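Now for the letters of each chain:
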Amino acid sequence: MSCFPYCAVGRVIKGFGRGSKELGIPTANYPEDVVERLPQEIQGGVYYGWANVDNGTVFKMVMSIGNNPYYKNEKRSMETHIIHKFEEDFYGSTLKTVMLGFIRPMKNFSSLDELVTEIHADIAHAKEKLELPENLAHKDNKFFDESDKKLSF
Ligand SMILES: Cc1cc2nc3c(=O)[nH]c(=O)nc-3n(C[C@H](O)[C@H](O)[C@H](O)COP(=O)(O)O)c2cc1C
């Protein structure tokens, strides 16, 4: 049985801030309670889907779930890279994501360059997958329109 689509919602918190500085790939981090609610089936790895911020435009996204072996983080995180150029940070905003599929497991890399190259490949892969009719359909998932009041967080 598939656990997709998997919908998550939460406020964007500060990560370690390496995403945009070191990698040039900004990511929005979910708080711990959102990470803890993940079903068993969704373990570490890279996933693709759709996302919006404060009920705005829905964009394609890639999500990294795990301990970021390259950085040896102790806590598991759920980091979303929205495939869109935002002019400003949106810490404190509400991030909704609809995860639709798995791309690959988390890996360790021997250099930052390799990590960045792999993430770019993930983004290309996600863009392609999300054009499939069954995935494109979720861009209009009702979850993205629901007002925050109806959500339990
Ligand atoms: C699509 C995507 C794939 C990623 N894959 C890996 C991975 O395979 N291994 C890894 O150590 N980190 C991976 N990362 C996580 C980066 O290491 C992470 O975004 C970086 O540590 C920045 O985190 P920060 O915002 O908390 O500073 C990935 C991130 C994204 C967005």
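Residues numbered from 1 in each chain as written. Predicted model: local features only at pLDDT ≥ 70, side-chain atom pairs only at ≥ 80, totals over all residues. Heavy atoms only, no water.

**Student:** Help me out: how do you make sense of the site of the ligand in this one?
**Tutor:** In the vicinity of the ligand, 23 residues are found, and the nearest of them are Arg18, Tyr70, Glu79, Arg104 and Lys107. In this structure, Thr27 approaches the ligand through a side-chain N or O atom, which is 3.3 Å from an oxygen atom. Contact between the ligand and Arg104: an oxygen atom at 2.8 Å from a side-chain N or O atom of the residue. Protein contact buries 99% of the 630 Å² of open area that the ligand shows by itself. Considered class by class, the residues forming the shell around the ligand number 11 nonpolar, 7 polar and 5 charged. (Near = heavy atom within 4 Å. Polar contact = N/O pair within 3.5 Å; in protein donor to acceptor, adjacent residues only side chain to side chain. Areas by Shrake-Rupley, 256 points an atom, 1.4 Å probe, with all protein chains shown as cover. Nonpolar A, V, L, I, M, F, W, Y, C, P; charged D, E, K, R; others polar.)

**Student:** What should I look at first to understand the pairing of strand β6 (residues 94-104) in this one?
**Tutor:** On any regular strand, side chains alternate: one points to one face of the sheet, the next to the other face. Buried residues dominate β6, accounting for 10 of its 11 residues. By the bridge criterion, 8 bridges tie strand β3 (residues 45-53) to β6 in an arrangement that is antiparallel. The partner of Trp50 across the bridge, within β6, is Val98. (Buried < 20%, exposed > 50% of the residue type's maximum accessible area, 1.4 Å probe, protein only. Helix = DSSP H or I, 4+ residues; strand = E, 2+ residues; numbered from the N terminus. Pairing = 2+ DSSP bridges.)

**Student:** I keep staring at the pattern of salt bridges and nothing clicks. Help me out?
**Tutor:** Side chains that differ in sign of charge can pair as their charged atoms come close. Evaluated as defined, the whole model comprises 5 salt bridges. Residues Glu131 and Lys60 are paired through a salt bridge, measuring 2.6 Å at the closest nitrogen-oxygen approach. Of this pair, Glu131 sits in the loop between α3 (112-129) and α4 (133-136) while Lys60 is found in strand β4 (residues 59-66), placing the two residues 71 residues apart along the sequence. The partner of Arg104 in a salt bridge is Glu118, and the shortest N-O contact between them spans 3.3 Å. Within this pair, whereas Arg104 is found in strand β6, its partner Glu118 is found in helix α3, the two being separated by 14 residues in sequence. Judged by its relative accessible area of 10%, Arg104 falls in the buried class. (Salt bridge = Lys/Arg side-chain N within 4 Å of Asp/Glu carboxyl O.)

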